[in-house]
Amino acid sequence: MDAALLAAVEDAAAHGVALRTRLLAGAPELLARHRRELPQRDDLCGAFCAALALRAGGIDRHDNEPLDQDTVALAAGSVVSRVPDPSILPDGEPGRRDYRLPIPLIDDGKLSGTTAAGVMRALELIGAGGSLEAIAFSGPWTPRTLDALFDRCETFSRPVALLANHATHHLWGSSASTEQLVAHLLHGTAEGPAPDWDVGHFACVVARSEGPGGSLYALADTYPALGRGGVHLQPRERLAAALARPDMPAGGMIVLVDARDAAELRAGASAAGLEEGLWDNGSIEAVEVDAADEAEGG
């Protein structure tokens, strides 16, 4: 369990208040792999999170390659900015460009990264011949629909991973104190740290803690400078707004679930009003870069 969440639970207990905290099935393995793999390589947040989800689901290799963010990036059609831009990184992160495989490059860094469709394709391609199923939900995102999706996922005994494609500037900063976290859980206090950065991003949702005043979701993020070792806690209202991304290209949630639980997941999400489908998060795929290069070449 994240140190901040554990401290919040212990502090609440000292005040005679019981909190309900639940890790998703497969989250311990995802978090163990997360600690070993940090940080993401530049522009590969979606591939980084998809690799964690697949490893938590029991898949270690693909096409005789070790399963890591580079393997997923190639399968997803990820593209990397030709020139690094340190200004888009969280404070304290120098960036990482030691790519193990040749990821395609693009001149316009604003279009780099991984599309939601690319993440889905990689998950489906690598997902053990159908034993795992990737399902994308485009919204609408509210605290109620977010809770309903997690409620359904936490009933599964087989590994399930939630990949949140969100806007970071709608979140609390990742350095919330134990006092701020406890105040939110006990009283619904909305005041928290200012956002760390402002990008479209992927992170894994691994747990939730509920109190009489509010709920906090635990995100396994892609940089160790965020939170404590890359894990931080977010009020459900903030995470829902970050998924909705009303002021930038769209976001959503991709769920990697055991195929035997897929029908139940779909039924629960539909009952909550969530729509199944992909979104355009503003990135482009390697095939589009190739097509543009061919057009310029005449």
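Residues numbered from 1 in each chain as written. Predicted model: local features only at pLDDT ≥ 70, side-chain atom pairs only at ≥ 80, totals over all residues. Heavy atoms only, no water.

Caption draft 1: Geometry of the pattern of salt bridges. Under the defined criterion, the tally for this structure stands at 23 salt bridges. Residues Arg266 and Glu133 are paired through a salt bridge, measuring 2.8 Å at the closest nitrogen-oxygen approach. Of this pair, Arg266 sits in helix H9 (residues 262–272) while Glu133 sits in strand E6 (residues 132–139); the two residues are 133 residues apart in sequence, bridging distant segments of the chain. Note on Glu133: relative accessible area 25%, which makes it partly exposed. One network of salt bridges, with partners in common, ties together Arg20, Asp147, Asp151, Glu154, Arg208, Glu210, Arg236 and Glu237. (Salt bridge = Lys/Arg side-chain N within 4 Å of Asp/Glu carboxyl O. Helix = DSSP H or I, 4+ residues; strand = E, 2+ residues; numbered from the N terminus. Buried < 20%, exposed > 50% of the residue type's maximum accessible area, 1.4 Å probe, protein only.)

Caption draft 2: View of the nonpolar core. Membership of the largest hydrophobic core comes to 53 residues, with the highest contact counts inside it found for Leu54, Val72, Leu123, Leu163, Val206 and Ile254. Residues within four places of Leu123 in sequence aside, it is in contact with Ala50, Leu54, Ala134, Leu163, Ile254 and Leu256. Leu239, Ala242, Leu243 and Ala269 belong to the second largest nonpolar core, which has 28 residues in total. (Core = buried A, V, L, I, M, F, W, Y, C linked by side-chain atoms within 4.5 Å. Contact = heavy atoms within 4.5 Å.)

Caption draft 3: Seen up close, unusual backbone geometry. Cis geometry is adopted by the peptide bond preceding Pro39, which originates at Leu38 and carries an omega value of -5°. Tracing the chain through its elements places Pro39 in the loop between helix H2 (27–37) and helix H3 (45–56). Cis peptide bonds are those with omega within 30 degrees of zero, and the linkage from Gly139 to Pro140 qualifies with 0°. Structurally, Pro140 can be placed in the loop between E6 and helix H6 (143–153). Here Asp43, not a glycine, exhibits a phi torsion of approximately 75°, which is positive. Structurally, Asp43 can be placed in the loop between H2 and H3.

Caption draft 4: Representation of H9 in the model. Regarding H9, the residues found buried are Ala262, Leu265, Gly268, Ala269 and Ala272. Axial view of H9: buried residues confined to an arc of 130°, hence all on one face. Summarising the geometry of H9, the exposed residues directed more than 90 degrees from the buried face are Ala263, Ser270 and Ala271. Of the residues flanking the end of H9, it is Gly273, one or two places downstream, whose phi is positive at about 95°. (Arc of directions from axis to C-beta.)

Caption draft 5: A look at the packing of H6 against H9. It is at 9 Å that the axes of H6 and H9 come closest, and there the two elements cross at 160°. By the angle between their directions, the pair H6 and H9 is classed as roughly antiparallel. Classified by chirality, the crossing of H9 by H6 is right-handed. Contacts from Arg144, Thr145, Ala148, Leu149, Arg152 and Cys153 of H6 reach H9 at Glu264, Leu265, Gly268, Ala269 and Ala272. (Axes fitted to C-alpha atoms, helices over the stretch in contact; angles between N-to-C directions. Parallel < 35°, antiparallel > 145°, perpendicular 65-115°, else oblique. Left-handed = near helix turned anticlockwise from the far one by under 90°.)

Caption draft 6: Up close: the pairing of E6. In terms of residue burial, E6 counts as a mostly covered element, since six of its eight residues are buried. Examined bridge by bridge, E6 and strand E11 (residues 252–258) share six bridges and lie antiparallel to one another. Bridging from a neighbouring strand, Ala136 pairs with Ile254 of E11. As paired elements, E6 and strand E12 (residues 275–276) share two bridges and run antiparallel to each other. Paired with Gly139 across the strands is Glu275, a residue of E12. (Pairing = 2+ DSSP bridges.)

Caption draft 7: A look at the packing of helix H4 (residues 69–76) against helix H5 (residues 116–126). At a closest axis distance of 8 Å, the pairing of H4 and H5 adopts a crossing angle of 110°. Compared by their axis directions, H4 and H5 come out roughly perpendicular. The two elements H4 and H5 cross, and the hand of that crossing is right-handed. Contact residues: H4 offers Val72, Ala75 and Ala76, while H5 offers Gly118, Val119, Arg121, Ala122, Leu125 and Ile126. Considering only residue class, the contact of H4 with H5 consists of seven nonpolar, one polar and one charged. (Nonpolar A, V, L, I, M, F, W, Y, C, P; charged D, E, K, R; others polar.)

Caption draft 8: Highlighting the environment of Leu38. Position of Leu38 relative to the elements: it lies in the loop between H2 and H3. Note on Leu38: relative accessible area 16%, which makes it buried. Taking the C-alpha atoms as reference points, Leu38 and Gly229, 191 residues apart in sequence, are found 8.6 Å from one another. If near-sequence neighbours (up to four positions away) are discounted, Leu38 is found in contact with Phe48, Arg96, Asp221, Thr222, Tyr223, Pro224, Gly229 and Gly230.

Any functional reading would require information beyond the geometric quantities listed.
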